[in-house]
Amino acid sequence: MQDNPVNITSTIVKTFVWSRNIRLFHWLNVLSVLLLIVIGSVIYFGKDLGISTEGKILLKTIHVCVGYVFAANLIFRIILGFIGKGYERWGQTLPFNKVFKQELADFKKDKNKTFKGHSPLGKLMVGALMLSLSIQMISGLVIAGTDIYYPPFGQYFASSIAQDKSQVALIKPYSKENVDADAYKEMRNVRKPFITAHVYSFYFLLLLIPLHILAVFFAERREKHSIVSSMIHGFKYLPKDK
């Protein structure tokens, strides 16, 4: 379905756009991502900050627990994109529907066109953010399993490096007890591409987040249709077709 632009010379009306589900996802995602960035940065510079092994394990545990909230919220949004209504659906949110190229061409011709949902550039930004967030989620869950042996993959990796498979519970983060050195080395090699993906998608997020904020700021100044506040109460003030 095409998100038809609205004539900006029309009467302004209060229009409901963003559902409670979308708003809940958005702000929970903002909070969890910010916490993950802060905690992850402290872990990354742990040596320079003089953090002890026990402190690093605690930080990683907190990071993983926040990561579970982030992952559950993201999975909720992904599912909602297929079963939700209106602007919850991916067809209205991502730049992959059949009419997107035409929407983008129309937007290039007239930058003053107003869209009820996301503009074509907004859809591109959402697509980039969702890709980066999904990579962070998948790689983070694998790293949690190889680093501090947390679910959903922790039990598998702990078992894979155990000398005595009946004593997997003895395997703890940063401990060599019941750990087969060769198996441990092989496990760390398996995790390397996930570390790489996690780090570079993190850098990509650090680029996307300020771009997203700036884009919203300039769009708000140009359109003056309550773009920011609409993600709080769900309503935009949009021109009504004559």
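Up top you'll find the structure we're talking about.
Residues numbered from 1 in each chain as written. Predicted model: local features only at pLDDT ≥ 70, side-chain atom pairs only at ≥ 80, totals over all residues. Heavy atoms only, no water.

*Asks:* Is there a simple way to think about the overall build of the protein chain in this case?
*Replies:* In terms of regular secondary structure, the protein chain is built from eight helices and two strands. Shown N-terminal to C-terminal, the secondary structure of the protein chain runs as helices and strands in the order β-α-α-α-α-α-α-α-α-β. For a compact globule of 242 residues, the expected C-alpha radius of gyration is about 18 Å, and the protein chain comes in at 22 Å, more than 25% above that figure. The contacts of the protein chain with a sequence gap of at least 6 include a subset with a gap of at least 24, amounting to 70%. By element, 66% of the accessible surface of the protein chain is carried by carbon and sulfur atoms, the whole surface being about 14200 Å². (Helix = DSSP H or I, 4+ residues; strand = E, 2+ residues; numbered from the N terminus. Rg over C-alpha atoms; globule rule 2.2 N^0.38 Å. Contact = heavy atoms within 4.5 Å. Areas by Shrake-Rupley, 256 points an atom, 1.4 Å probe, with all protein chains shown as cover.)

*Asks:* It is not clear to me how the nonpolar core should be interpreted in this structure. Could you clarify?
*Replies:* Buried together is how nonpolar side chains tend to be arranged in soluble globular proteins. By size, the foremost hydrophobic cluster in this structure holds 22 residues, and its most contacted members are F70, L74, M130, L133 and M137. The set of elements that each furnish at least two residues to this core consists of α1 (20-44), α3 (53-83), α5 (120-147) and α7 (181-223). Residue contributions to this core peak at eight residues, all from α5. If you look at the next biggest cluster of nonpolar residues, it comprises eleven residues, including V142, A158, I161 and I171. (Core = buried A, V, L, I, M, F, W, Y, C linked by side-chain atoms within 4.5 Å. Buried < 20%, exposed > 50% of the residue type's maximum accessible area, 1.4 Å probe, protein only.)

*Asks:* Can you help me understand the packing of aromatic side chains in this one?
*Replies:* The way to describe two aromatic rings as a pair is by their centre distance and the angle between their planes. Under the counting rule described, the total for this entry stands at seven aromatic pairs. Each ring, one from W18 and one from Y87, has its centre 5.9 Å from the other, and the planes form 70 degrees; the classification is edge-to-face. Residue W18 is located in the loop between β1 (11-16) and α1, and its partner Y87 is located in the loop between α3 and α4 (100-109); the two are separated by 69 residues in the primary sequence. Of the two residues, W18 and Y87, neither departs from the other in class, the shared state being buried. Each ring, one from Y200 and one from Y203, has its centre 6.0 Å from the other, and the planes form 90 degrees; the classification is edge-to-face. (Phe/Tyr/Trp six-rings, centres within 6.5 Å; stacked < 30°, edge-to-face > 60°.)

*Asks:* How do you make sense of the side chain of T61 when you look at a structure like this?
*Replies:* By the secondary structure assignment, T61 is in helix α3. Discounting residues that sit within four places of it in the chain, T61 has contacts with I148 and Y150.

*Asks:* Any chance you could explain the packing of α4 against α5 here in plain terms?
*Replies:* Packed helices, taken two at a time, are described by the angle their axes make and the gap between the axes. At a minimum axis separation of 9 Å, α4 and α5 run at an interaxial angle of 125 degrees. In terms of orientation, α4 and α5 fall into the oblique class. Contacts between α4 and α5 involve F100, E103, L104 and F107 from the former and P120, L121, K123 and L124 from the latter. (Axes fitted to C-alpha atoms, helices over the stretch in contact; angles between N-to-C directions. Parallel < 35°, antiparallel > 145°, perpendicular 65-115°, else oblique.)

*Asks:* Which parts of the structure should I look at to understand a nonpolar patch on the surface?
*Replies:* A surface patch of nonpolar side chains, about 690 Å² in accessible area, is lined by Y44, F45, L49, Y200, Y203 and L206. Examining the composition of the nonpolar patch, we find that three residues originate from one element, α7, more than from any other. Summarising the element assignment, F45 is placed in the loop between α1 and α2 (46-49). Overall, the relative accessible area of 41% leaves F45 in the partly exposed class. (Patch = residues over 30% accessible without salt bridge, like charges linked within 9 Å, V, L, I, M, F, W, Y side chains within 5 Å. Salt bridge = Lys/Arg side-chain N within 4 Å of Asp/Glu carboxyl O.)

*Asks:* For this particular structure, what's the right way to read the pattern of salt bridges?
*Replies:* A side chain with one charge may pair with a side chain of the opposite charge, provided their charged atoms come close. Across all of its chains, the model carries three salt bridges by this definition. Notably, a salt bridge pairs D147 with K60, separated by 2.7 Å at the nearest N-O pair. Of this pair, D147 sits in helix α5 while K60 sits in helix α3, and the two are 87 residues apart along the sequence. For K60, a relative accessible area of 13% corresponds to the buried category.

*Asks:* Quick question: what am I supposed to make of helix α6 (residues 154-161) here?
*Replies:* In an α-helix there are 3.6 residues to a turn, and that puts residues three or four apart on one side. Looking only at α6, the buried set comprises G154, F157, A158 and I161. Down the axis of α6, the smallest arc covering the buried residues is 100 degrees, so these residues share one side. Across from the buried face of α6, at angles greater than 90 degrees, the exposed residues are Q155 and Y156. (Arc of directions from axis to C-beta.)

*Asks:* Hey, could you run me through the packing of α3 against α5 in this one?
*Replies:* Packing of α3 against α5 brings their axes to within 10 Å, and their N-to-C directions diverge by 140 degrees. The angle between α3 and α5 places the two elements in the oblique class. Viewed along their axes, α3 and α5 form a crossing whose handedness is left-handed. Between α3 and α5, the residues in contact are K60, V64, Y68, F70, A71, L74, I75, R77 and I78 and M130, L133, S134, Q136, M137, L141, A144 and D147, respectively. For the contact of α3 with α5, the residue count by class is twelve nonpolar, two polar and three charged. (Left-handed = near helix turned anticlockwise from the far one by under 90°. Nonpolar A, V, L, I, M, F, W, Y, C, P; charged D, E, K, R; others polar.)

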